[in-house]
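Descriptive analysis of the structure
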Amino acid sequence: MVVLDGKALSTTIKNEIRIEVDQIIAKGDRPPHLAAVLVGNNPASEAYVGNKVRSCEQVGFSSTLIRRPETTTEEELLKIVSDLNEDADIDGFIVQLPLPSHINEEKVTLAINPHKDVDGFHPLNFGRMAQGLPAYLPATPQGVLLLLERNGIETSGQHVVIVGRSNIVGTPLGILMSRKDKMGNATVTITHSRTKDLAAETKRADILVAAIGIPNFITADMVKEGVVVIDVGINRIDDPTRKSGSRLVGDVDYDQVAPKSKAITPVPGGVGPMTVTALMLNTLKARKKEIRY
Ligand code: GUN
């Protein structure tokens, strides 16, 4: 069994990015600049945004964190988005989700200039991705593909079963892995809450991706021997043995499933760091204006 170490791979890729940034600076140009907008103080969002800002520092990017209170209005947030769209010093930006319930996330996402949409959430980028055109790819699916690629895991002809159909993970990953391209050419099954016999589907997986947000949901009886397991879940559960009183677990019961797996991602230290690294890659692309349309 191989542990797919996303933490180590993300360090490697961040070092590669750092070299490119140093070259940009050596030419007398400014480094890439990512802005993040955080509304409210959801603890998970705080942690994610903190990781993004720290990663910017590691790769030599400039970063700007725009924090606003929970009471921020939709109009105020749309003005921030519009200002970032216009700001020539910002290459790309993200609005951290979820937003407070009085703000329409779809409206905010649609207001982002697609050329600065390094999350790849704008329907224009999503549509272009689906058609195989140059686009910003959403960070988590891109991180999963990088993890597979750099660990030499073949996807062509493999049966990939994805548990979860979200707009930011399950659905785009299904599109990317079935397309005729690098890290594609797989036969993909997307399962969800209405799937009739979930275990029958997951047991057919050569590569199983869990992205449902339920702690330890995938158990040993749901996988076949020799499966490659990608655990996208990041769930905080109570653990009185820890000083903090809690710990992070994935959507896969790691202790049960790992012995049956050919390869598996741990939580933490698997997909999570790769997601942030993919965001850095998108920001570098934005700086280099690589995605043209
Ligand atoms: N919330 C959970 N994941 C993400 C992400 O990748 N980007 C943004 N903006 N918000 C998120």
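Structure's up top.
An account of the accompanying structure is given in this report. This structure is a prediction, so every number in the text was calculated from the model and none was measured.

**A short note on the site of the ligand**
Surrounding the ligand, one finds K52, V95, Q96, L97, D119, F121 and I168. One nitrogen or oxygen atom from the side chain of Q96 is found 3.2 Å from a nitrogen atom belonging to the ligand. At 2.7 Å from a nitrogen atom of the ligand is found a side-chain nitrogen or oxygen belonging to D119. For the ligand, the protein covers 82% of the area, taking 280 Å² as the surface of the free molecule.

**Regarding the sheet that holds strand β2 (residues 33-39)**
Ordered in space as β3-β2-β4, the three strands form an open sheet in which the pairing is parallel. Looking along the sheet, the strands with just one partner apiece sit at the ends: β3 (62-68) and β4 (92-95). Strand-to-strand twist of the sheet, defined as the mean angle between neighbouring strand axes without regard to direction, takes the value 15°. Sheet topology note: the β2/β4 ladder contains four bridges and is parallel. The residue bridging A36 from the neighbouring strand is I94, located in β4.

**Description of the pattern of salt bridges**
Enumeration over the complete set of coordinates arrives at 15 salt bridges. Residues R150 and E16 are paired through a salt bridge, measuring 2.8 Å at the closest nitrogen-oxygen approach. Taken together, the residues span a long stretch of sequence, with R150 in helix α6 (residues 139-150) and E16 in helix α1 (residues 6-26) at a distance of 134 residues. Note that K182 and E149 form a salt bridge whose closest N and O atoms lie 3.3 Å from each other. With K182 in the loop between α7 (170-178) and β6 (187-191) and E149 in helix α6, this residue pair connects regions lying 33 residues apart in the sequence. Salt bridges sharing partners connect three or more residues here, namely E20, K288 and E290.

**Observations regarding the packing of α1 against helix α10 (residues 271-287)**
Where α1 contacts α10, the two axes come as close as 9 Å, and the packing angle between them is 15°. Classified by the angle between their axes, α1 and α10 sit roughly parallel to one another. The two elements α1 and α10 cross, and the hand of that crossing is left-handed. Contact with α1, carried on its side by G6, K7, L9, S10, I13, K14, I17, E20 and I24, involves P273, M274, T277, M280, L281, L284 and R287 of α10 and no other residues of that element. Its residues assigned to classes, the contact of α1 with α10 shows nine nonpolar, three polar and four charged.

**What to know about α7**
Within the sequence span of α7, burial applies to G170, P172, L173, G174, L176 and M177. Of the surrounding secondary structure, the elements contacted by the buried residues of α7 are α5 (123-130), α6, β5 (159-163), β6 and β7 (207-210).

**Topic: the sheet that holds β7**
One open sheet holds the six strands; their spatial order is β1-β11-β8-β7-β5-β6, and the pairing between them is parallel. The sheet is open, and its two edges are formed by β1 (2-3) and β6, each paired on a single side. Examined bridge by bridge, β1 and strand β11 (residues 261-264) share two bridges and lie parallel to one another. The residue of β11 that forms the bridge with V3 is I264. Across the sheet, α7 touches β5, β6 and β7, and the angle it forms with β6 is around 170°.

**Some thoughts on α1**
Its 21 residues give α1 an end-to-end C-alpha distance of 30 Å, which sits within 8% of 30 Å, the value for a rise of 1.5 Å per residue. Looking only at α1, the buried set comprises G6, L9, S10, I13, K14, I17, V21 and I24. All buried residues of α1 lie within an arc of 130° about the axis, which places them on one face of the element. Residues of α1 that are exposed and angled more than 90 degrees away from the buried face: I19 and A26. Tucked inside the fold, the buried residues of α1 contact α2 (43-59), α6 and α10.

How each quantity is defined
Residues numbered from 1 in each chain as written. Predicted model: local features only at pLDDT ≥ 70, side-chain atom pairs only at ≥ 80, totals over all residues. Heavy atoms only, no water. Near = heavy atom within 4 Å. Polar contact = N/O pair within 3.5 Å; in protein donor to acceptor, adjacent residues only side chain to side chain. Areas by Shrake-Rupley, 256 points an atom, 1.4 Å probe, with all protein chains shown as cover. Pairing = 2+ DSSP bridges. Helix = DSSP H or I, 4+ residues; strand = E, 2+ residues; numbered from the N terminus. Axes fitted to C-alpha atoms, helices over the stretch in contact; angles between N-to-C directions. Salt bridge = Lys/Arg side-chain N within 4 Å of Asp/Glu carboxyl O. Parallel < 35°, antiparallel > 145°, perpendicular 65-115°, else oblique. Left-handed = near helix turned anticlockwise from the far one by under 90°. Contact = heavy atoms within 4.5 Å. Nonpolar A, V, L, I, M, F, W, Y, C, P; charged D, E, K, R; others polar. Buried < 20%, exposed > 50% of the residue type's maximum accessible area, 1.4 Å probe, protein only. Expected span 1.5 Å × (residues − 1). Arc of directions from axis to C-beta.

Read these as spatial facts, not as claims about activity.
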